[in-house]
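Summary of structural features
The chain contents come next:
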There are 2 protein chains.
Amino acid sequence: MSSTASRTTRIVLASRPDGAPTVDNFRTEVVDLPSLGHGDVLVRTVYLSLDPYMRGRMSTAKSYAPPVELGEVMVGGTVGQVVESRHRDLEVGDYVLAGAGWQSHAVLDATTVRRLDPEAAPLSTALGVLGMPGFTAYAGMRKIGQPQHGETVVVAAATGPVGSAVGQIAKLNGARAVGIAGGPDKCRALIDDFGFDVALDHRDPDFAANLAAAAPRGIDVYFENVGGHVADAVLPLLNRYARVPVCGLVAQYNGVESDRRDRLPAFFSQILVKSLTVRGFIQSEFAAELSADFLREATQWVRTGKLRYREDIVDGLENAPSAFLGLLEGKNFGKLLIRVAPET
Amino acid sequence: MSSTASRTTRIVLASRPDGAPTVDNFRTEVVDLPSLGHGDVLVRTVYLSLDPYMRGRMSTAKSYAPPVELGEVMVGGTVGQVVESRHRDLEVGDYVLAGAGWQSHAVLDATTVRRLDPEAAPLSTALGVLGMPGFTAYAGMRKIGQPQHGETVVVAAATGPVGSAVGQIAKLNGARAVGIAGGPDKCRALIDDFGFDVALDHRDPDFAANLAAAAPRGIDVYFENVGGHVADAVLPLLNRYARVPVCGLVAQYNGVESDRRDRLPAFFSQILVKSLTVRGFIQSEFAAELSADFLREATQWVRTGKLRYREDIVDGLENAPSAFLGLLEGKNFGKLLIRVAPET
């Protein structure tokens, strides 16, 4: 099989967005792959994960990770299958978790991939509930949110892979879970599929009042993964000693209105008078400490139905740009994945 | 001595400030004291502590403590001497730490006061370096700031009782201490008296640039006790995983300009991309856990000269209102105390 796939179809960053990205910021190419060196594997991509953090990588603004260079393949987590191996621990046919990015094939250092057991859980979960988004929820709740029995936990984008796990982990800790999503279908899924206690539609004109009614004893944990007007409604309801893990701000990634009055002094006042903890984090910070715990616990929860998940699978790498733009607008319903090729 | 002081001279809250307080918000009265019940002590005030948190108690805005009611005596920590006792553990002549407020005498439940050993340290230190301000610095650094060897710690109002302790605790932990104060005399004291590595005048037009130069490797801990334009200069310099204990915001207690652009989204972006920890706290949260450690360690540091302090003592209870207004403007130089009466 060593000569079957010497080329890859890939999507590169063609230009940097000014405000909201468009499909014109991306370009599809077909290029030759390098030959395999010792220790390398050739992997065909099965699933590509699309995640909000990718918006940050399109820009040069200082962040926790360097930007994608113009002309380079867009970054992204992938599940793939080994089609050629020059590493003794991986065989042709093995499935692996990798970071091959937005492309159909890649030559990768075998030490950068992790073999997946397709019997343990569906392969796609390695990019969602049992992958980076699930771990973001797990680590953020365990290290920062620390929900206590009877407390109230609020999370937005709650049908997404992070939010849905946050709500279910809140419940597993005996807390109340209030989920926020856009539209009646997503709100119904929060209750019926994920077991939230309350579901609120942030598009409702009475959203702020509804949130106050849903949290009569205030909010103890606000898991911040969207920002924007949801945060505006949450902040006044935070209780003393409330915790605010901040893992994403998708609502403001494309820029924010600048003509509002300055809310920073009032926010600092809230931090002070309520002894708030506001803590930004990237899941990788806690990987060494917690990823083994996570995989053991979360896999068990998934198997026993205590941690449910929903996927929004789009077929075809060529649809990745438009699907990604929809993600930034909240159009996906569950973990957004591109099925680049069939599993087998 | 049971009938020597049946009256107290006290300063009450006459009206609530609209913006910056004025002396007209206070009123002096002479009133009769109640007779002592079983377990009570009559205490004459020697020192009254004036602290920024008192500004919050003058207003009805929701806070961590209820406001002072109109017509009620202003709250405040005091060092006093027992002049009459109906509690077996306290004798006439004993010195005590109490919360008698802005008044010359008070009848207090003896269980609410703590006896002081005048041989262990100067009595006034129980309101400063060995009291609430010192403990604020100690607890905030130990629980939140957690300065590591070689890190850079920045604190404003650095000649004040909290800031000066923060800088010295930073040094005791092997960190660099950058102190910010107003004017050349205070800046000189930061270096000569308190051992800061760098002293910066926040009134300097080049303050932001000077701060950047003083922290070439960024800022790891910003102990926030003032807010305002100092914070503006600090925030862009924070390092990944920086910690921001927030114990006071005196610069914005009297209201803030509202015509600035909204800085909250940018602040949340900084929290996210730098994995910042921003944590409000009131020292009382940590009293049960840490106050014994603090008294043992800090008393030893004071005795051995590792923890120095400076006091700004104003004579006469009648001068408390004007001294307090000066405190809000940064006019004090060291821990502000009113000497209500001589020690003996």
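Before going into details, it helps to say that this report is about the structure given with it. What you see is a predicted model, and the numbers here were worked out from it, not measured in a lab.

Moving on, we get to the packing of helix 2 (residues 132-145) of chain B against helix 8 (residues 287-303) of chain B. Residues and elements named next belong to chain B. Contact geometry of helix 2 with helix 8 gives a least axis separation of 10 Å together with a crossing angle of 110°. Taken together, the axes of helix 2 and helix 8 are roughly perpendicular relative to one another. Between helix 2 and helix 8 the crossing geometry is right-handed. Of the residues in helix 8, those touching helix 2 at Gly 134, Phe 135, Tyr 138, Ala 139, Arg 142 and Lys 143 are Ala 287, Glu 289, Leu 290, Ser 291, Asp 293, Phe 294, Glu 297 and Trp 301. The class makeup of the residues in the contact of helix 2 with helix 8 is seven nonpolar, two polar and five charged.

Time to look at the pattern of salt bridges. All names here are of chain B. Scanning the entire structure with this criterion turns up 36 salt bridges over all chains. Among the ionic pairs, Asp 185 bridges to Arg 188, the shortest N-O distance being 2.6 Å. With Asp 185 and Arg 188 both in helix 4 (residues 184-192) and three residues apart, this pair spans about one turn of that helix. Asp 185 gets classed as partly exposed once you look at its relative accessible area, which sits at 47%. Arg 188 sits in the partly exposed class, given a relative accessible area of 46%.

Okay, the relation of the copies chain B and chain A next. Of the transformation superimposing chain B on chain A, the axial component is 0.0 Å and the angular component is 180°, with the fit at an RMSD of 0.0 Å. The relationship between the two copies is best expressed as a two-fold rotation axis. Residue Asp 262 of chain B of chain B places its C-alpha closer to the rotation axis than any other residue of that unit, at 1.8 Å. Taken as a fraction of all interface residues of chain B, those also at the interface in chain A reach 100%, which identifies the copy contact as same-surface.

Thresholds, definitions, all that
- Sequence order as written defines residue numbering, which begins from 1 separately in each chain.
- Note on labels: chains are lettered from A, ligands numbered from 1, in written order.
- Two thresholds apply to this predicted model, a pLDDT of at least 70 for residue-level local features and 80 or more for giving and counting side-chain atom pairs, whereas whole-chain, interface and lining totals are computed over all residues.
- Processing note: side-chain calculations cover all non-hydrogen atoms of the structure and skip hydrogens and water entirely.
- In this analysis, axes come from line fits to C-alpha atoms, helices being fitted only over the stretch in contact, and the angle between any two N-to-C directions falls in the range 0 to 180 degrees.
- Helix and strand definitions here come from DSSP, where helices need a minimum of 4 consecutive H or I residues and strands a minimum of 2 consecutive E residues; each element is numbered from the N-terminal end.
- An angle counts as roughly parallel when it lies under 35 degrees, as roughly antiparallel when it exceeds 145, as roughly perpendicular when it falls between 65 and 115, and as oblique in every other case.
- Here a crossing is called left-handed whenever its near helix is offset anticlockwise from the far helix by less than a right angle, and right-handed whenever the offset is clockwise.
- By definition, residues are in contact when any of their heavy atoms lie within 4.5 Å.
- Note on residue classes: Ala, Val, Leu, Ile, Met, Phe, Trp, Tyr, Cys and Pro are nonpolar, Asp, Glu, Lys and Arg are charged, and everything else, Gly too, is polar.
- Criterion for a salt bridge: a side-chain nitrogen of Lys or Arg within 4 Å of a carboxyl oxygen of Asp or Glu.
- With a 1.4 Å probe rolled over the protein chains alone, any residue whose accessible area is under 20% of its type maximum counts as buried; one over 50% counts as exposed, and the rest are partly exposed.
- Least-squares fitting of one copy onto the other uses the C-alpha atoms of those residues that reach a pLDDT of at least 70 in both copies.

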